Amino acid sequence: MSAKVEAKTFRLDGLKWLLVVLLVGAAVAGNSYYAAFPLLYRVLAIVAICVVALVVAVNTAKGNAFWNLLREAQTEVRRVVWPSRQEATQTTMIVVVFVLIMALILWALDSALGWAASKLIG
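Numbering of residues starts from 1 in every chain and runs along the sequence as written. In keeping with the predicted nature of the model, local features appear solely for residues at pLDDT of at least 70, side-chain atom pairs appear and are counted solely at 80 or more, and the whole-chain, interface and lining totals rest on all residues. Calculated side-chain values reflect all of the structure's heavy atoms, with hydrogen atoms and water omitted.

Tell me about the overall build of the chain, and name the residues and values.
Each helix corresponds to a stretch of at least 4 residues labelled H or I by DSSP, and each strand to a stretch of at least 2 residues labelled E; elements are numbered beginning at the N terminus. In terms of helices and strands, the chain carries 5 helices and 0 strands. In the chain, the succession of helices and strands from N to C terminus is α-α-α-α-α. Whereas a compact globule of 122 residues would reach a radius of gyration of roughly 14 Å, the chain reaches 28 Å, over 25% beyond that. By its C-alpha atoms, the chain is 75 × 45 × 35 Å across when sized along the principal axes. Each residue gets one of three labels from its accessible area relative to the maximum for its type: buried under 20%, exposed over 50%, partly exposed in between, using a 1.4 Å probe on protein chains only. For the chain, the proportion of its 122 residues judged to be buried stands at 10%. In the chain, once contacts between residues fewer than 6 apart in sequence are set aside, the share between residues at least 24 apart is 67%. To be clear on the numbers: accessible area is Shrake-Rupley with a 1.4 Å probe, and residue cover counts the displayed protein chains and nothing else. Counting only carbon and sulfur atoms, one obtains 74% of the accessible surface of the chain, whose full area is about 10400 Å². Only C-alpha atoms enter the radius of gyration; for comparison, a globular chain is expected to reach 2.2 Å times N to the power 0.38, where N is the number of residues. We call two residues in contact when some of their heavy atoms are within 4.5 Å.

The structure is reproduced here in structure tokens:
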């Protein structure tokens, strides 16, 4: 997409972001104003308003870039080779054992330094 077309497509970004802020503000204010209504109706109204705000936000330059980033991240997640259950369990056990060994070493060092300090101080 050329810079001219991109600038033209996203020329009203400031107004769109203002609309997003106003929609979210209306959802918050409406939730307080209509506190007497059942919670389900208020939640459904907030979700609907937030979906509209999200659609408006995605139609801005930054929103579109963020949406593209999410799609690319999803593609990358599909490429990841995830460990098997056995590999994950073995790695977890190695970490647990290492943490226990370090805890014992730090406890011994703390005890030795505490004993030395108590002897030094009297």
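So what about the pattern of salt bridges? Which residues, and what values?
Any Lys or Arg side-chain nitrogen found within 4 Å of a carboxyl oxygen on Asp or Glu counts as a salt bridge. Applying the stated criterion across every chain, the model contains 1 salt bridge. For arginine 79, the salt bridge is made with glutamate 76, and the minimal N-O distance between the two is 3.1 Å. Of this pair, arginine 79 and glutamate 76 both sit in helix H4 (residues 61-79), 3 residues apart, roughly one helical turn. With relative accessibility at 58%, the residue arginine 79 sits in the exposed group.

Could you give me a rundown of the packing of aromatic side chains, with the residues and numbers involved?
Only centres within 6.5 Å qualify two rings of Phe, Tyr or Trp (six-membered ring in Trp) as a pair; their planes then separate them into stacked at under 30 degrees, edge-to-face at over 60, and tilted for everything else. With the rule as written, the count across this model stands at 2 aromatic pairs. Relative to phenylalanine 37, the ring of tyrosine 34 has its centre 5.4 Å away and its plane inclined at 80°; by these criteria the two rings are edge-to-face. Taking the relative accessible area as the measure of exposure, phenylalanine 37 reaches 47% and is therefore partly exposed. In this structure an aromatic cluster arises from ring pairing among Tyr33, Tyr34 and Phe37.

Run through the confidence of the model for the chain, naming residues and quoting values.
The predictor attaches a confidence to each residue, called pLDDT, with possible values from 0 through 100. A residue-level look at the chain finds 92% of positions with pLDDT of 70 or above and a mean pLDDT of 91. Taken element by element, the predicted model of the chain shows its lowest mean pLDDT in helix H1 (residues 3-9) (54) and its highest in helix H5 (residues 85-121) (97).

Go over the side chain of arginine 42 with me, naming the residues and quoting the values.
One can find arginine 42 in helix H3 (residues 39-58). Under the convention used here, Asp and Glu are negative, Lys and Arg are positive, and both His and the chain ends fall outside the count. At 32 Å, aspartate 13 is the nearest oppositely charged side chain to arginine 42, a buried residue that forms no salt bridge. Residue contacts for arginine 42: discarding those within four places in its chain leaves Asn31, Tyr34, Ala35 and Phe37.

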